[in-house]
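Secondary and tertiary structure notes
Spelled out from the first residue to the last, the chains are:
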Amino acid sequence: MAVKGSIVWIDLLRILACFLVVLAHCCDPFVGAFDSDRSSFLWGVFTGSFVRCSVPLFVMMSGVLIMPTTLGMSEFYKKRLGRIVLPLVFWSIILPLLFALYLNIVGYSSSPLIGEDNFNIGTTIRKIYTFIFSFNYDTTPLWYIYMLLGLYLVIPIINPWLKQASKREIQLFLGIWLFTLFIPYIKMAAPFLGYIGNFGNMEIFGVCDWNSYGTFYYVSGFIGYLVLAYYLVKYPLEWSLKKTLAYAIPVFMIGYFITFFGFVNIQKYFPGNYAYLEICWYFTGINVFMMTLPVFVLMQKINFTPKVWLRKLASLTFGIYLCHFVFVQISYDILDNISYLPVMVRIIGMAVLAFAVSGALVWIMKRWRVSKIFVD
C-alpha cells in the first residue's frame with residue numbers, strides 16, 4: 001500500500017487539482033450573469049463544468065497520502081486536525097478583511113456576486129466571528145476545510161476496517177457508495193413519478209424535516225472518494241496507457257456532457273430553482289465521478305524523474321487553495337475592464353493571475369516560521 005515512487009504523480013495531481021479549483025472560482029462571476037449576459041453564462045458553465053473533478057481529486061489525494069494510518073486515534077487527531085484548524089481560523093479572519101480593504105479602496109466591484117453591503121464594517125465584523133458556524137462568501141473555498149475536518153474525524157474509525165478488508169469487501173462498499181451518487185437525480189425524478197413528499201419536504205429515503213439522516217447517509221458523500229483512492233492504489237488498474245485512454249476519455253466526456261448540458265437545461269427549464277441547478281455540479285454526483293475517476297487513473301500512469309521545482313510548487317498548493325479567492329475577485333475586476341477580450345480568455349487569464357499571485361504570497365509566508373503554519 002506504500003506510495004513510494006508515486007510522488008511525481010501525486011505532486012502533479014496536487015498542482016492540477018489546485019489550478020482547477022482556482023479556475024472553477026474564476027467561472028462563478030460569469031455563471032452568475034445567467035440571462036443578463038447569456039454568452040458569458042454559457043462560457044462560464046462550459047468551463048466550470050470541465051473542472052468539477054477538482055475537489056474530488058483533492059479528497060482522493062488525502063486517501064492516498066493518509067490511509068492506512070499507523071497512528072492511534074488521539075495521535076491522528078492531534079497531528080491532522082491541528083494542521084488545518086489554525087489555517088481555518090486565520091483565513092476566516094483574514095479573507096473578509098482583505099475583501100473589505102480591497103473593495104473599500106476601489107469603491108466598487110463589477111462582479112454580479114458582490115452586493116453593496118458585502119464590504120461595510122458591520123458586515124465584515126459579522127463575517128469574522130460567525131466563521132464558528134460556517135463559511136461565508138468571502139471565505140467560500142474554506143467550505144472544503146470544514147468538510148475535511150469531518151473526514152479526518154472518521155478516518156481513524158474506518159482505518160482498522162480498511163486494513164483487514166478484502167478486495168471484494170471494499171468493492172461492495174464502493175458499489176453501495178456508487179448508488180448514492182445517483183440519489184440527487186432520483187430525488188429530482190421522484191415528483192414526476194407521483195412522489196408528493198412528506199408534509200412538503202421532498203427529500204427521499206427517510207429524510208424529512210425532523211430527520212436528516214436517511215438510509216444512505218452513513219455510506220455517502222466524500223468518504224467514498226477516500227476509500228476509492230485507497231483501493232486504486234492498493235489494487236491499481238494493470239492496463240496499458242493506450243487501454244486506459246480508450247476507456248478514460250469517453251467516460252470523462254460523457255460525464256462532462258451530462259454536467260454541462262444538465263446545468264444549462266436545468267437553468268432553462270427551472271429558472272430560479274438553485275437547489276436543482278446545483279445538482280449537475282454536485283461533487284458527489286455520478287457525472288462528476290465519471291470525470292474524476294479517469295483523471296486519477298491517468299495520473300497514476302505518469303512516471304518520470306522527480307523535479308525539485310515540481311515538488312516546491314506542489315508544496316504551495318494548500319496555501320494557494322486557502323488564499324486565492326480574494327485574488328480571483330481582484331483579477332476579475334482587472335480583466336472585466338478589458339471588455340474586448342473573449343470571455344474564455346478572461347476566465348483563463350484570471351485563473352493564471354490569481355494562481356500566480358497566491359503562489360507568490362504563499363511562498364513568502366513559508367519563509368517565516370510564524371506565518372508558515374497558516375499555509376503549510
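Computed from a predicted structure; not experimentally measured.

**A few points about the confidence of the model for the protein**
- On average, the protein scores 89 in pLDDT, and the residues at 70 or more come to 95%.
- Here helix α11 (residues 274–277) stands out as the element of the protein with the lowest mean pLDDT, 74, in contrast to helix α7 (residues 167–180), whose mean of 96 is the highest.
- Here residues 1–6 is a poorly scored stretch, pLDDT under 50, and it has eight contacts once near neighbours within four places are set aside; other chains count.

**Some words on unusual backbone geometry**
- Cis peptide bonds are those with omega within 30 degrees of zero, and the linkage from M67 to P68 qualifies with -5 degrees.
- For P68, the location among the structural elements is in the loop between α3 (54–66) and α4 (73–106).
- Its identity is not glycine, yet F199 carries a phi of approximately 55 degrees, on the positive side.
- With respect to the element layout, F199 can be found in the loop between α8 (183–189) and α9 (223–234).

**Focus: the packing of helix α2 (residues 38–50) against helix α10 (residues 241–269)**
- Where α2 meets α10, the closest approach of the two axes is 9 Å, and the angle between their N-to-C directions is 150 degrees. Between α2 and α10 lies a crossing of right-handed hand. Between α2, through R38, F41, L42, V45, F46, S49 and F50, and α10, the contact on the second element is made entirely by F252, Y256, T259, F260, F263, V264 and Q267.
- Class assignment of the residues belonging to the contact of α2 with α10 gives a composition of ten nonpolar, three polar and one charged.

**Description of the packing of aromatic side chains**
- Counted by the stated rule, this structure contains 39 aromatic pairs.
- The ring centre of F318 lies 5.2 Å from the NZ or CZ of R83, which sits over that ring.

**What about the nonpolar core?**
- One finds W91, Y144, F222 and F296 to be the most contacted residues of the largest nonpolar core, which totals 110 residues.
- If you tally residues by element for this core, the top one is helix α1 (residues 7–31), at 14 residues.
- Setting aside anything within four residues of it in sequence, one finds W91 in contact with P96, T139, L142, L322, C323, L361, M365, F374 and V375.

**Thoughts on the environment of F283**
- In this structure, F283 sits in the loop between α11 and α12 (286–300).
- Note: C-alpha distance between F283 and L310 (27 residues apart in sequence) is 27 Å.
- Not counting residues within four places of it along the chain, the set of residues in contact with F283 comprises R52, V55, P56, W143, F222, Y225 and V288.

**A word on the environment of Y231**
- Following the sequence through the fold, Y231 ends up in helix α9.
- Given a relative accessible area of 12%, Y231 falls into the buried group.
- On a C-alpha basis, the gap between Y231 and L162 in space is 9.2 Å, while along the polypeptide they are 69 residues apart.
- Setting aside anything within four residues of it in sequence, one finds Y231 in contact with K167, I170, Q171, L174 and P236.
- Within the local environment of Y231, its side chain forms a polar contact with the side chain of Q171, the two groups lying 2.7 Å apart.

**Remarks on α10**
- With 29 residues, α10 extends 41 Å between its outermost C-alpha atoms, agreeing within 8% with the 42 Å of an ideal straight helix rising 1.5 Å per residue.
- At its buried positions, α10 is contacted by α1, α2, α8, α11 and α12.

**Things to note about the layout of surface pockets**
- There is about 460 Å³ of room inside the second largest pocket.
- If you trace the second largest pocket, you find 21 residues lining it, with R14, S62, L65, R83 and F318 closest to the centre.
- Mapped onto the lining of the second largest pocket, the elements with two or more residues apiece are α1, α3, α4, α6 (143–164) and α14 (317–336).
- No other element matches α3, which puts five residues into the lining of the second largest pocket.
- Taken together, the residues of the lining of the second largest pocket sort by class into 13 nonpolar, three polar and five charged.

**Remarks on the pattern of salt bridges**
- Scanning all chains against the criterion turns up five salt bridges.
- In this structure, K127 engages D138 in a salt bridge whose closest nitrogen and oxygen atoms are separated by 3.0 Å. Of this pair, K127 sits in helix α5 (residues 121–129) while D138 sits in the loop between α5 and α6; the two residues are eleven residues apart in sequence, bridging distant segments of the chain.
- What makes K127 buried here is its relative accessible area of 8%.
- Look at D138 and you get buried, because its relative accessible area is 1%.
- Across the pair D376 and K366 runs a salt bridge, and its minimum N-O distance is 3.0 Å. Linking D376 in the segment after α16 (369–372) with K366 in the loop between α15 (343–365) and α16, this pair joins segments that are ten residues apart in sequence.
- For D376, a relative accessible area of 29% corresponds to the partly exposed category.
- Taken together, the shared-partner salt bridges connect K366, K372 and D376 into one network.

Calculation notes
Residues numbered from 1 in each chain as written. Predicted model: local features only at pLDDT ≥ 70, side-chain atom pairs only at ≥ 80, totals over all residues. Heavy atoms only, no water. pLDDT = per-residue confidence, 0-100. Helix = DSSP H or I, 4+ residues; strand = E, 2+ residues; numbered from the N terminus. Contact = heavy atoms within 4.5 Å. Axes fitted to C-alpha atoms, helices over the stretch in contact; angles between N-to-C directions. Left-handed = near helix turned anticlockwise from the far one by under 90°. Nonpolar A, V, L, I, M, F, W, Y, C, P; charged D, E, K, R; others polar. Phe/Tyr/Trp six-rings, centres within 6.5 Å; stacked < 30°, edge-to-face > 60°. Lys NZ or Arg CZ within 6 Å of the ring centre and 35° of its normal. Core = buried A, V, L, I, M, F, W, Y, C linked by side-chain atoms within 4.5 Å. Buried < 20%, exposed > 50% of the residue type's maximum accessible area, 1.4 Å probe, protein only. Polar contact = N/O pair within 3.5 Å; in protein donor to acceptor, adjacent residues only side chain to side chain. Expected span 1.5 Å × (residues − 1). 1 Å grid on protein atoms, 1.4 Å probe; cavity = no way out; pocket = protein on both sides within 12 Å on 5 of 7 lines; lining within 4 Å. Points joined across faces, edges and corners; volume = space filled by probe spheres on them. Salt bridge = Lys/Arg side-chain N within 4 Å of Asp/Glu carboxyl O.

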